[in-house]
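Reading the structure
Here is how the chains run, residue by residue.
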Amino acid sequence: MQEQAASSRPSSSERSSSSGHHMDMEAKEGMESDEDTRRVPELGLELPGGASTSGREAGPDRAQSSTAQATSRRRVRSPADKEHKRLKRLLRNRVSAQQARERKKAYLTDLEVKVKDLEKKNSEMEERLSTLQNENQMLRQVDFALDTEEHHCKQERPRQHC
């Protein structure tokens, strides 16, 4: 007797098969399965009985007017969406302002380096100018002295070369 009862029971492999699943479905008759609760109906599909899931009547005139309304109307955002959008914009502005400050700081630092380099170069060039002016003045004095000496030499000894 126990052998007949054991043979009528499904084995573990049979329990995991579809026949076992079918028995569970029969036990839950009237209840939705996990698959049914996770399934999301698609909008705009016709349901049995002529009803649609979009909530609009199907028909050529109605479809054209609903398309025109959809293109002319803007999507209404919830206050949470508006706040989220505002916060994102504020964050973008903060980041942008920080980047602008960093660019400005780098630009000013670069300008300060250029100013120091140009001041140094200007100082070196002023020093060189002063040196060349002094040298030029000394050469003019030497030239004048030589010209004067040569002139006196010609006057004293016209036939001799100095």
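Under an unreviewed UniProt entry, the name given to the protein chain is Transcription factor HY5, and the source organism is Urochloa decumbens. What UniProt records for the protein chain under Subcellular location (unreviewed entry) is the sentence "Nucleus". The UniProt entry for the protein chain carries the following comment under Sequence similarities (unreviewed entry): "Belongs to the bZIP family."

This brings us to the overall build of the protein chain. Each helix and strand in the protein chain was counted, giving six helices and zero strands. Beginning at the N terminus, the succession of helices and strands in the protein chain can be written as α-α-α-α-α-α. Burial statistics for the protein chain: of 162 residues in total, 3% are counted as buried. Taken as a whole, the protein chain presents about 16100 Å² of accessible surface, with 52% of it coming from carbon and sulfur.

Tallied over the entire structure, the rule returns two salt bridges. Taking the shortest distance from any N to any O, the salt bridge between Glu 83 and Arg 86 comes out at 2.9 Å. Placement of the pair is Glu 83 and Arg 86 together in helix α6 (residues 79-156), with a separation of three residues, close to one helical turn. One salt bridge in this structure joins Asp 110 and Lys 114, with 3.7 Å as the shortest N-O distance. One end of the pair, Asp 110, and the other, Lys 114, are both in helix α6, four residues apart, so they sit about a helical turn from each other.

A surface patch of positive charge is lined by Arg 74, Arg 77, Lys 85, Lys 88, Arg 89 and Arg 92. Looking at the secondary structure, you find Arg 77 in the loop between α5 (60-72) and α6. Classification of Arg 77 by relative accessible area gives partly exposed; the value is 35%.

Of the residues in the protein chain, 52% have a pLDDT of 70 or more, and the chain-wide mean is 74. Ranking the helices and strands of the protein chain by mean pLDDT puts α6 first, with 95, and helix α3 (residues 18-27) last, with 47. Scored below 50 in pLDDT, residues 16-28 shows five contacts in the model against residues more than four places distant or in partner chains.

Cut-offs used in this document
- Each residue is numbered by its place in its chain's sequence as written, counting from 1.
- The predicted nature of this model means local features are confined to residues of pLDDT at least 70 and side-chain atom pairs, given and counted, to a pLDDT of 80 or more, with totals for whole chains, interfaces and linings taken over all residues.
- The side-chain numbers reported here are obtained from all heavy atoms of the structure, hydrogens and water having been left aside.
- UniProt positions are given in the numbering used here, feature names are shortened, and annotations may be inferred rather than shown by experiment.
- We count a stretch as a helix when DSSP gives it H or I for four or more residues in a row; a strand needs E for two or more, and each element gets its number in order from the N terminus.
- Only protein chains enter the accessibility calculation, which uses a 1.4 Å probe. A residue is then buried if its area is under 20% of the maximum for its type, exposed if over 50%, and partly exposed in between.
- Method for areas: the Shrake-Rupley scheme with a 1.4 Å probe, in which residue coverage is limited to the protein chains shown.
- Here, a salt bridge means any side-chain nitrogen of Lys or Arg that lies within 4 Å of a carboxyl oxygen of Asp or Glu.
- Patch building starts from residues that exceed 30% relative accessible area and form no salt bridge, then joins like charges within 9 Å and nonpolar side chains (Val, Leu, Ile, Met, Phe, Trp, Tyr) within 5 Å.
- Counted charges follow a simple rule, with Lys and Arg positive, Asp and Glu negative, and His plus the chain ends left uncounted.
- The location of each charge is read from NZ of Lys, CZ of Arg, CG of Asp or CD of Glu.
- pLDDT measures the predictor's confidence residue by residue and takes values from 0 up to 100.
- Contacts are assigned to residue pairs with any non-hydrogen atoms lying within 4.5 Å of each other.

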